[in-house]
Amino acid sequence: MSATIAEIAAQLQGYDPQALSAEGVGAFLAKLVAPVAETETVGVLDALDRVLAADLVSPLSVPPHDNSAMDGYAFDGAQLAGGSALELEVVGTALAGQAWRGTAAAGQCVKIMTGAIMPAGLDTVVPQEFTKAGADGRIVIPAGLLAAGDNRRLKGEDLMQGQPALRAGERLAPAALGLIASLGIAEVEVQRRLRVAYFSTGDEILSLGEAPREGAVYDSNRYTVHGLLRRLGCEVIDLGVIRDQPALLEAAFTDAAARADAIITSGGVSVGEADFTKAMMKKLGDVAFWKIAMRPGRPMAVGRIGRSVLFGLPGNPVAVMVTFLAFVRPALLRMMGARATETVLLKAHSAEALRKKPGRTEYQRGTVTRAADGSLQVRTTGNQGSGVLSSMVQANGLIVLHHAQGNVAAGEEVDVMMFDGAI
Ligand code: AMP
Ligand code: MG
């Protein structure tokens, strides 16, 4: 049985749901969620973005033989020891895919193509363009250009037979697919896809196709959440916009919990919300209601309904995206069984002074560009209101101003969470 909210809270030093730091949220969620157990076997082409379920042990060495890295001439590098130019007789040709089986003695060499197996006893390749023509078809290697072993790829230098080529928990990117194929492996065992159900709440939220009316806004959160989840490779279950009525909310939460590993809602978790969302979460699940020391995105509900993990995000469109990127994404990656769950931050110089109060984490929308001097520079996108979704479209990353950080001077370095790779 997984730990309850109260049990997790008791394990964390200084846990205060009314003033939780962003780091505190991460620590809590790391204890709340666990990887799903089920795996499946898929073909290598279908393994893109999936999480490897078990170490992949290499059945062969790549490359399988020592081979040439260049088009040129293979010879015994011991002859370079004298330090003078070499003149060598060409006694054969080694083609890629067609080994040369003879033996070359001192004073001899073999013409060799890139990828061809190194003939027995030869360990060095002189690239074609380094050579000069000698007498009687011989080649001349000028002094001082090469060392023994140059331009030879060693057997197993990429992957060694019997060693893990990829570790469990690897999210399979294009390079990993190529690597799997390079081992002659056609199928791999991956974690099953995570199923995530989501819905928006609020009586003022319109679905696409509904006529606009005063005081109502079209639902954008389901669309951003859908996109964010698809980028993570989750199976998505869209439960629509749920009106602020207990029976409808109960049905939506119950349906979601029956079908999904995780439930994401937006709206209805702020302080003083005159709605039934929080009450229903409390009734159906084991849920904590937090005020997070962050901007945007202060209120958030987290817990379990049935066996599903619940992420009750705030309603504001930017707050939804920021809380997703900062907290939900790493938690979902953990549930997916991925080893690396944190987004790598890069450093850029702030093009402007930024006002920031210590004691909360701020995520400002920023555009990173390369400055004239070649360094990375970041500028905020202007209006940082938590409802200004266009700022998320304009930005290419989030400037992360950490909990203890104060004002930032123009030119000072700041951390940026780039969207590329995350969304
Ligand atoms: P709430 O957290 O429910 O108080 O919502 C905060 C703000 O976000 C309100 O202005 C809502 O109208 C807006 N909002 C809530 N849900 C959505 C949604 N699904 N799409 C767009 N805006 C929303
Ligand atoms: Mg609301």
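Keep in mind the model is a prediction, meaning the values are calculated, not measured.

### Regarding unusual backbone geometry
Backbone geometry follows two general trends: most residues other than glycine have a negative phi, and most peptide bonds adopt the trans configuration.
Now for step 1: Omega for the bond connecting Val-62 with Pro-63 falls within 30 degrees of zero, at -10 degrees, which places this linkage in the cis form.
Now for step 2: You can see Pro-63 is positioned in the loop between β2 (56–57) and β3 (67–68).
Now for step 3: Of the consecutive residues Arg-295 and Pro-296, the connecting peptide bond is found in the cis state with omega at -5 degrees.
Now for step 4: Secondary-structure assignment places Pro-296 in the loop between β19 (294–295) and β20 (299–305).
Now for step 5: A positive phi is found at Asp-49, a non-glycine position, where the angle reads about 70 degrees.
Now for step 6: For Asp-49, the position within the fold is in the loop between β1 (39–43) and β2.
Now for step 7: Positive phi is not limited to glycine here, since Asn-151 has a value of about 60 degrees.

### Observations regarding the domain arrangement of the protein chain
Now for step 1: Taken as a whole, the protein chain is organised into domain 1 (5–38 + 192–335), domain 2 (40–62 + 158–191), domain 3 (67–149) and domain 4 (346–418).
Now for step 2: The centre of domain 3, based on its C-alpha atoms, is set 56 Å off from the matching centre of domain 4.

### Topic: the sheet that holds strand β21 (residues 308–313)
Now for step 1: Taken in spatial order, the six strands of this open sheet run β16-β13-β17-β21-β20-β18, and their pairing is mixed. In this open sheet, the two strands that pair with only one neighbour each are β16 (235–242) and β18 (286–291). Across the sheet, the mean angle separating the axes of adjacent strands is 15 degrees when strand polarity is ignored.
Now for step 2: Across five bridges, the pairing between strand β13 (residues 195–201) and strand β17 (residues 262–266) is parallel. Within the sheet, the bridge partner assigned to Val-196 lies in β17 and is Ala-262.
Now for step 3: In this fold helix α4 (residues 221–231) packs onto β13, β16 and β17, with an angle of close to 165 degrees to the strand it touches most, β13.
Now for step 4: Where helix α7 (residues 317–335) meets the sheet, it contacts β13, β17, β20 and β21, and its direction lies at approximately 170 degrees from that of β21.

### What to know about the sheet that holds strand β4 (residues 72–75)
Now for step 1: Spatial strand order, β7-β4-β6-β5-β9-β8: six strands in an open sheet with mixed pairing. Looking at the sheet topology across the chains shown, the edges are occupied by β7 (124–127) and β8 (132–133).
Now for step 2: In terms of strand pairing, β4 meets strand β6 (residues 108–112) through three bridges, oriented antiparallel. Its bridge partner being in β6, Gly-72 is matched across the sheet by Ile-112.

### Here we look at helix α5 (residues 246–259)
Now for step 1: Over its 14 residues, α5 extends 20 Å from the first C-alpha to the last, a length consistent with the 20 Å expected when each residue adds 1.5 Å.
Now for step 2: Buried residues along α5 sit in contact with β13, β16, β17, α6 (277–284), β20 and β21.

### Describing a nonpolar patch on the surface
Now for step 1: A cluster of nonpolar side chains, Leu-208, Tyr-218 and Tyr-223, forms an exposed patch at the surface whose accessible area comes to about 320 Å².
Now for step 2: Its place among the elements puts Tyr-218 in strand β15 (residues 217–218).
Now for step 3: A residue is classified by how much of its surface remains accessible, and Tyr-218, at 37% relative accessible area, is partly exposed.

Calculation criteria
- Residues numbered from 1 in each chain as written.
- Chains lettered and ligands numbered in written order.
- Predicted model: local features only at pLDDT ≥ 70, side-chain atom pairs only at ≥ 80, totals over all residues.
- Heavy atoms only, no water.
- Helix = DSSP H or I, 4+ residues; strand = E, 2+ residues; numbered from the N terminus.
- Domains from an automatic or database assignment.
- Pairing = 2+ DSSP bridges.
- Axes fitted to C-alpha atoms, helices over the stretch in contact; angles between N-to-C directions.
- Contact = heavy atoms within 4.5 Å.
- Expected span 1.5 Å × (residues − 1).
- Patch = residues over 30% accessible without salt bridge, like charges linked within 9 Å, V, L, I, M, F, W, Y side chains within 5 Å.
- Areas by Shrake-Rupley, 256 points an atom, 1.4 Å probe, with all protein chains shown as cover.
- Salt bridge = Lys/Arg side-chain N within 4 Å of Asp/Glu carboxyl O.
- Buried < 20%, exposed > 50% of the residue type's maximum accessible area, 1.4 Å probe, protein only.

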